[in-house]
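# Fold and contact review
Listed below, chain by chain, are the residues.
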Number of protein chains: 4
Amino acid sequence: MSKARNWWWFIDRIGDYESHMHAITHTICHERTEYQEVGIVNSVVYGKILVLDGDMQSSQYDEFIYHESLVHPAMIAHPNPEKVLVLGGGEGATLREVLRHKTVKKAVMVDIDKRLVELCREFLPEYSAGAFEDPRTEVVFADVLEWMKTCDEKFDVIVGDLTDPLPQTPAYGLYSMPFFELLKRRLSEGGIFVTQSSRISFVDMYLHNVLYKTMTEAFPILRTACAHIPGFDVPWSFTSASYEIDPIKLNREEIDSRISSRLISELKYYDGETHTGLFALPLHVRKARREFLEDPKFPEGKSSPVFII
Amino acid sequence: MSKARNWWWFIDRIGDYESHMHAITHTICHERTEYQEVGIVNSVVYGKILVLDGDMQSSQYDEFIYHESLVHPAMIAHPNPEKVLVLGGGEGATLREVLRHKTVKKAVMVDIDKRLVELCREFLPEYSAGAFEDPRTEVVFADVLEWMKTCDEKFDVIVGDLTDPLPQTPAYGLYSMPFFELLKRRLSEGGIFVTQSSRISFVDMYLHNVLYKTMTEAFPILRTACAHIPGFDVPWSFTSASYEIDPIKLNREEIDSRISSRLISELKYYDGETHTGLFALPLHVRKARREFLEDPKFPEGKSSPVFII
Amino acid sequence: MSKARNWWWFIDRIGDYESHMHAITHTICHERTEYQEVGIVNSVVYGKILVLDGDMQSSQYDEFIYHESLVHPAMIAHPNPEKVLVLGGGEGATLREVLRHKTVKKAVMVDIDKRLVELCREFLPEYSAGAFEDPRTEVVFADVLEWMKTCDEKFDVIVGDLTDPLPQTPAYGLYSMPFFELLKRRLSEGGIFVTQSSRISFVDMYLHNVLYKTMTEAFPILRTACAHIPGFDVPWSFTSASYEIDPIKLNREEIDSRISSRLISELKYYDGETHTGLFALPLHVRKARREFLEDPKFPEGKSSPVFII
Amino acid sequence: MSKARNWWWFIDRIGDYESHMHAITHTICHERTEYQEVGIVNSVVYGKILVLDGDMQSSQYDEFIYHESLVHPAMIAHPNPEKVLVLGGGEGATLREVLRHKTVKKAVMVDIDKRLVELCREFLPEYSAGAFEDPRTEVVFADVLEWMKTCDEKFDVIVGDLTDPLPQTPAYGLYSMPFFELLKRRLSEGGIFVTQSSRISFVDMYLHNVLYKTMTEAFPILRTACAHIPGFDVPWSFTSASYEIDPIKLNREEIDSRISSRLISELKYYDGETHTGLFALPLHVRKARREFLEDPKFPEGKSSPVFII
């Protein structure tokens, strides 16, 4: 009875009808914080995997795709990002990417879950890679919505690295109009906001569509980038919003030139060519989103019963 | 003891350490032909799934991504594709996409497995959608390599829709230099060859790299497009090769204009913007391929133990 | 990428924390009747498997263990069973075992789900093996409880082959005191009732305990037999109830002698020695049931969180 | 996207066509010793699970069934067991059961894998429960076969708690005739040997049959007990062998009386009634074994393709 050498599996459910199985070598940490259930396991293919409330958040070997896609298009599109605000981002990797930019003088990160950040610093030090010790960093542990109500600083770039706004999770209630109204007041003139904006594929883009529609009511210029995250098994979207800055107006050469003059260290995923690919959404995705914006009903009984919310 | 309503699963192994689980409602067909084991099942999320020798080949709801990415960039880049050769492509969907082009006067498809084609025509009629009945179509059941040795026709576009060249499968032995030498003799002047060129991701692109390297020795102009196929869980690559035609030289407007003048019916995935995204490979993929071409060893013990061959 | 030759799995959930995976070769039937969802699949190890509302009911290769354990101890313990009533038992295998007894002159089977019986006759003919065509058989399609209210016949042996009384299933509401009151009126003098009485193991015997406790209030003599059903992964119990007959009073020789004089054909599972094993419950099972009867609370937070109801 | 709270699974393969999935809360230890791969995980239903070379060995909540079934029938059947030898049994639970007997003056345990025993003492202290500290205990780390060649002591009871003799595992080569010849010389007059004797069910009892047949050539009196081990999913067998002692000759009352006079502490699984059940093998099991003994070929292509060796 020959057996494979690895015996434990993380079965990541993608709706009720699909799952991604990851062979894991061992569990690293499993703890319930005040806000959410945190699990960290080591998988054979993706290295360490962070799981929040049962949802895979990121993995050690492919988080560079997610975090570079989230941070750099907006940072590079801004002419001179000096003050940056990160909402969520407990792993510290979003902060790490922000701090690569020499222009940055101050980076504030607001996360509700202090214990999560401690666990990430202890068990996922490769993610933050020194970002929490950087003198430009300021970390605030607070509810993002409450904190924004009292804050009076302005930021050139605001990066939303929050979990999906699902019921019974910390991010529920964010991504609503009151949230965007508060957020706009925190943007400097000429500033740009960018946020992860959920899964984007023919199987399911309902949550993306709802969020995107809300953002169209708050900002004049919206642009969506899309990257395939191998460990998630799904293409993930990132949407930037501003009054003036349009990331797709930059050409490849200009992007490569800004990267080489502004960044401290080399990137693994993002450059001018990658930028072009990120913002070129496939035809059926554009069409599905346009149809939703025109008639925002969920197409019941269509290709798939899988939806969120 | 509440249970989900669906009970059967197709567990698609992606190497030894990952699997993609698809909930299926029922099996449609399971038969061993002379050449391979054929399974067709109906899944909840992706509709019908075709499985050859245990490897998922395509699914009803997302095959349009695969087949449009394979066929149209090369067909559109060619100035006037009249004669087209399809190698493999048993489902008939590659043929279907080829025949959408008004310029096509003759489309020859060569597949080794007659029974597979019969099963696809019977159980997956949506895939071929009439392509086998089109008067321009000619289907030959033969070993691709043997057939090319005796054929004396020339084709403007040759489309390789063969399974990966794994040991103990029908496609083993194809994709080698002798194969490309034969193939070049079947290309018209100014013709273009395009083939699926396997998985392309940080987890594993060994098979792609080997194939790409072989092709660099056979053709001067190579271009790789990459699309995420949801049902496969992985980004898939398509490489075109020619002496003259370079698909990335076409701009969006020219592509959209060729599509509207040359195609009989509307596409779902491919247009000018999608084209831009298809050919913009991420930085780490370009880098990994460049490193392999310079020093073609498999990086042992690196990020992942998963590799093919 | 070598793969096992079989690709589909029936994942039978046993509570939320255990599952039994069965490799299946193909689905045979999947249909929603008026009362329940019926699935029949062919598994590699157990042959055909019948699934009702997501719960495995029986399998072709081991159903003999279940059905012989259910029927014969009570039938053999009765001195001369002429009239037998089967409640449920849609597959027809319980009827088949009843009809093996030469003494039987009439066997009435009452099942609510006519379509289920049709599907079993068509797709599982090995189960009934001619029982539905036997001239002694009478099949009634009716709600068991309603039918018993109007019936005025009496039976020597009544066999309960109903699904577990779970919410939203046809058997919910059966196994209650009103049910037993009706049932007692249908028993001839000296008659015996036997029923499947759910899973019996240290992991979970709550449903068994609840049912057993109800039966202690209805009948003076109760005896529980327990057999391991390989396809279920769990030991299953069968409880007989009567005013006079005690199956454990028969010794091995008497059982073997009654089997050889009364049965038409050979058995595969049951004989005198098997009988001894069936009724010898392990110490911890006896203890757990005694504790429940004395203090019928479910021991929360004990060895397992898995329980039913 | 609601998810179950537990995310990791131990998928225990039972042949190629069945698996048992255990939800686990965390891994405890995963180490390769000189002899085998050791894994300890904590499962929701069964508590800690010990895995050797990928095969589940025992679980915290049901190991009492295995260890009491292995040890007590032979110990109780012996009139006065003073010196006991345990072969294997790294967890220390077999030793624990042996030491419950007041008659025991000396218990020697021989296990090849010192590191395994250390890991069990550290991570599974409930299993040995002080047995390793008992002054009557003597632990020898040696190859069982080599050690028996040099040993000149005799024992009243010898308990074999070795893993199945599969290729590439430490127990391969044991359970052969040379092994039994050595073993017989270590038995006192009137002594008894008992060993776990593998899975016993209609799906697969090949390994049991081979072992049993070998033992029939070495001993005149053989008796097989069979207990269902919930965590294994399969009925497990234990075979005792001697020249004089026949465990099934004891009646229930005698067993209960010996238990109460000889044992230090209460048992959870074994008593007179359990004993009766243990030794009453089902008819089809007796028949399958008899057929194998008469004609020891493996019935190819029969009910199941699953077999061992």
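Up top is the structure these notes are about.
These figures come from a predicted structure and were not determined experimentally. What you see as residue numbers is a count from 1 along each chain, following the sequence as written. Working convention: letters from A go to chains and numbers from 1 go to ligands, in the order in which they are written. Side-chain atom pairs in this predicted model are given and counted only at pLDDT of 80 or more, local residue features only at pLDDT of at least 70, and totals for whole chains, interfaces and linings cover all residues. Side-chain measures here rest on the full set of heavy atoms in the structure, leaving out hydrogens and waters.

Further remarks concern the pairing of strand β5 (residues 55-59) of chain B. Residues and elements named next belong to chain B. A large share of β5 lies buried, amounting to five of its five residues. Where strand β4 (residues 47-52) meets β5, four bridges bridge the pair, whose relative direction is antiparallel. For Ile49, the partnering residue across the bridge sits in β5 and is Ser59. Hairpin connection of β4 to β5: two residues between the antiparallel strands, including Asp53 at a positive phi of 45°. Between buried and exposed lies partly exposed: a residue is buried under 20% and exposed over 50% of the maximum accessible area for its type, with that area taken using a 1.4 Å probe on protein chains only. Helical segments are the DSSP runs of H or I of at least four residues, strand segments are the runs of E of at least two, and each set is numbered from the N terminus. Being paired, for any two strands, means DSSP has found at least two bridges between them.

For this analysis, residues touch if any pair of their heavy atoms sits within 4.5 Å. Each partner contributes residues to the interface: chain B has 46 residues there, and chain A has 45 residues. When two parts are brought into contact, each loses some accessible area as probed by a 1.4 Å sphere; the total of that loss over both is the buried area. Taken together, the two surfaces of chain B and chain A that pack against each other cover about 3,700 Å², and 61% of this comes from carbon and sulfur. Counting the surface chain B buries against chain A, the share from its top three residues, Tyr17, Val45 and Phe202 of chain B, is 17%. What makes a salt bridge here is a side-chain nitrogen of Lys or Arg within 4 Å of a carboxyl oxygen of Asp or Glu, nothing more. Connecting chain B to chain A are four salt bridges. Among the salt bridges present, the one from Asp271 of chain A reaches Arg286 of chain B, with a minimum N-O distance of 2.8 Å. Any pair of nitrogen or oxygen atoms within 3.5 Å is treated as a polar contact; in protein, a donor-acceptor pairing is required on top of that, and neighbouring residues in sequence qualify only through side-chain atoms on both sides. Where chain B touches chain A, the interface holds 21 residue pairs in polar contact (both at pLDDT 80 or more). Where the side of chain B that touches chain A is concerned, the elements lending two or more residues are β1 (8-13), β2 (18-32), α1 (63-77), β12 (234-242), α9 (272-279) and α10 (283-294) of chain B. Examining the composition of the side of chain B that touches chain A, we find that six residues originate from one element, β2 of chain B, more than from any other.

Residues and elements named next belong to chain B. In this analysis an axis means a line fitted to C-alpha atoms, helices contributing only their contacting stretch, and an angle means the value between N-to-C directions, from 0 to 180 degrees. At a minimum axis separation of 8 Å, helix α8 (residues 252-262) and α9 run at an interaxial angle of 125°. Overall, the two elements α8 and α9 adopt an arrangement that is oblique. Note that α8 runs across α9; the crossing there is right-handed. Taking contact as the criterion, the partners of Arg252, Ile255 and Asp256 in α8 are, on α9, Gly272, Glu273, His275 and Thr276. By the definition adopted for this analysis, an angle is roughly parallel if under 35 degrees, roughly antiparallel if over 145, roughly perpendicular if from 65 to 115, and oblique otherwise. Here a crossing is called left-handed whenever its near helix is offset anticlockwise from the far helix by less than a right angle, and right-handed whenever the offset is clockwise.

To continue, consider the relation of the copies chain B and chain A. A least-squares superposition brings the copies together, and it is based on the C-alpha atoms of residues with pLDDT no lower than 70 in both. Mapping chain B onto chain A calls for a rotation angle of 180° and an axial translation of 0.0 Å; the resulting RMSD is 0.0 Å. The transformation relating the two chain copies, once decomposed into turn and shift, fits a two-fold axis. Judged by C-alpha distance, Gly277 of chain B is the residue of chain B that lies nearest the rotation axis, at 2.0 Å. Counting the interface residues of chain B, we find that 98% of their copies in chain A are interface residues as well, pointing to one common contact surface.

Attention shifts here to the sheet that holds strand β13 (residues 234-242) of chain C. All names here are of chain C. What the seven strands build is an open sheet, ordered β8-β7-β6-β9-β11-β13-β12; its pairing is mixed. The open sheet terminates on both sides in strands that have one partner only, identified here as β8 (137-141) and β12 (221-229). For this sheet, the mean angle separating the axes of adjacent strands, direction not counted, is 15°. In this sheet, β13 lies alongside β12 in antiparallel orientation, the contact comprising nine bridges. Across the sheet, Ile229 pairs through a bridge with Val234, a residue of β13.

Turning next to helix α3 (residues 114-123) of chain B. Residues and elements named next belong to chain B. Those residues of α3 lying buried are Leu116, Val117, Leu119 and Cys120. Buried residues of α3, viewed axially, fall in a sector of 160°; they line one side. For α3, the secondary structure elements touched by its buried residues are β2, β3 (37-43), β4, β7 (106-111), α4 (125-128) and β8 (137-141). This arc corresponds to the set of directions leading from the helix axis out to the C-beta atoms.

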